[in-house]
Amino acid sequence: MYARSALESIRLFHDELTALRRDLHAHPELGFEEVRTSGIVAGQLEALGIEVHRGIGKTGVVGVIRGRGTSSGRMIGLRADMDALPMAEDNDFSHKSTKPGLMHGCGHDGHTAILVGAARYLAKTRNFDGTAVLIFQPAEEGRGGAKAMIDDGLFDTYPCDAIYALHNWPGLRPGTVGVNPGPMMAAADRFEITIQGRGGHGAHPYQTIDPVTVAGHLITALQTIVSRNVNPLDSAVLSIGSLQAGHPGAMSVIPREARMVGTVRTFRKSVQEMVETRMRELATAISQAFGATAEVNYERIYPATLNTPQHAVLVADIATEMVGKENVVRDLTPSMGSEDFSFMLQQRPGAYFRLGQGGAESGCVLHNSHFDFNDAVIPLGSAMFAALAERGMPLAE
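Reading the values: the criteria
- Residues numbered from 1 in each chain as written.
- Predicted model: local features only at pLDDT ≥ 70, side-chain atom pairs only at ≥ 80, totals over all residues.
- Heavy atoms only, no water.
- Domains from an automatic or database assignment.
- Contact = heavy atoms within 4.5 Å.
- Buried area = accessible area lost by both parts, 1.4 Å probe.
- Salt bridge = Lys/Arg side-chain N within 4 Å of Asp/Glu carboxyl O.
- Polar contact = N/O pair within 3.5 Å; in protein donor to acceptor, adjacent residues only side chain to side chain.
- Buried < 20%, exposed > 50% of the residue type's maximum accessible area, 1.4 Å probe, protein only.
- Helix = DSSP H or I, 4+ residues; strand = E, 2+ residues; numbered from the N terminus.
- Pairing = 2+ DSSP bridges.
- Axes fitted to C-alpha atoms, helices over the stretch in contact; angles between N-to-C directions.
- Parallel < 35°, antiparallel > 145°, perpendicular 65-115°, else oblique.
- Left-handed = near helix turned anticlockwise from the far one by under 90°.
- Nonpolar A, V, L, I, M, F, W, Y, C, P; charged D, E, K, R; others polar.

Going by what an unreviewed UniProt entry lists, the protein is known as Peptidase M20 and is assigned to Bordetella genomosp. 5.

Structure (structure tokens):
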């Protein structure tokens, strides 16, 4: 009953949420620079009579809504990310970015509007026994805003019993919800391998130790880690995104150094550790075979986003009540992308789910210069958040 009621109520102020979303889209801000965005969010919450705390994780905002009762002591966290991307927008609609080189190319403007919509509904109805914690997070796009909020004492101050987040998904049609009771997104690691050889004249390679040759052999060998060391029933990706050596204008110079940078994506910690170990072994052995040396710098940026099964099931059950079982995917295929909500799920149980918005069929995908959030799905996202708070902290019968 609560699920459908929330959706119907939020639809009444859909236009206002759409206007908010488009305003945020027109004024994108990078991670830890969301001064205007966080100010607008805080202002919207304060206007609703919600207790607001600013500056958690630098530009983060937390809103606190207490239910009709608080005797249960329960606390549910709802998180939305606020930051944009450093990319140029190629759209021509009226709410396109007003900041050259900055764009909401991932839909965080929509996520922010969705959580404001949930806040508006929850502040009015308060149909729960406990405390709803609205977490407006900065710097999701590679800058670790979730970890910054945690390091600032987010869960010390607000010890949530469960926490939820959503992300729009162009690969699902509007009006659908997707979730998985386990892995949702992969861990994201960064590696940099520096090969030291001995430079010299390109006409006399026998006098050198060519790091470019070493790099070529190493690139091929690294691709065997996934194909020959990872169990086919597990998942892993190893991609080299950059190789730098020498100077394009110096055709006859064999450089002293070659450097490659790439990423590794995994779900299981054991697979992650194995990939790193094999990478170090191959880099060392292949370099030594040619008389060179190799240094491997391996950084674990984001952990895997792993849902707690019971909370993922709750997401799916609520979505089924709202949109019908035919519009709910309970075993959504995990993505090899990454998400820093994973840091929060390491601290608290909960679930991360997908809100279908369509667009993939026409090329309107995440991080594309023509991307725009689908405003039609805002009420469903807001209602999902609201219902998760209500269902997680039910009023006594």
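Further notes follow.
Draft legend 1. Local environment of the domain arrangement of the protein. Taken domain by domain, the protein consists of domain 1 (6-185 + 304-392) and domain 2 (187-302). Using C-alpha coordinates to define each centre, domain 1 is positioned 38 Å away from domain 2. Counting residues at the interface gives 19 residues for domain 1, matched by 10 residues for domain 2. Taken together, both faces of the contact between domain 1 and domain 2 bury some 930 Å²; the carbon and sulfur share is 69%. Counting the surface domain 1 buries against domain 2, the share from its top three residues, A304, M336 and S338, is 58%. Linking domain 1 to domain 2 there are zero salt bridges. The tally of links between domain 1 and domain 2 comes to five residue pairs in polar contact (both at pLDDT 80 or more).

Draft legend 2. The pairing of strand β8 (residues 187-196), seen in detail. Within β8, eight of the 10 residues are buried, which leaves it mostly tucked inside the rest of the structure. With 10 bridges connecting them, β8 and strand β12 (residues 257-266) associate as antiparallel partners. Bridge assignment links E192 to a residue of β12, and that residue is V261. As paired elements, β8 and strand β13 (residues 293-302) share nine bridges and run antiparallel to each other. Its bridge partner lying in β13, R190 is registered against E299.

Draft legend 3. Representation of the packing of helix α7 (residues 211-229) against helix α8 (residues 269-289) within the structure. Between α7 and α8, the least distance of the axes is 10 Å, while the angle of their chain directions is 150 degrees. When the interaxial angle is binned, α7 and α8 end up roughly antiparallel. Here α7 runs over α8; the crossing is right-handed. Between α7, through V214, H217, L218, A221, L222, I225 and N229, and α8, the contact on the second element is made entirely by M274, V275, R278, M279, L282, A283, I286 and S287. Across the contact of α7 with α8, the residue classes break down as 11 nonpolar, three polar and one charged.

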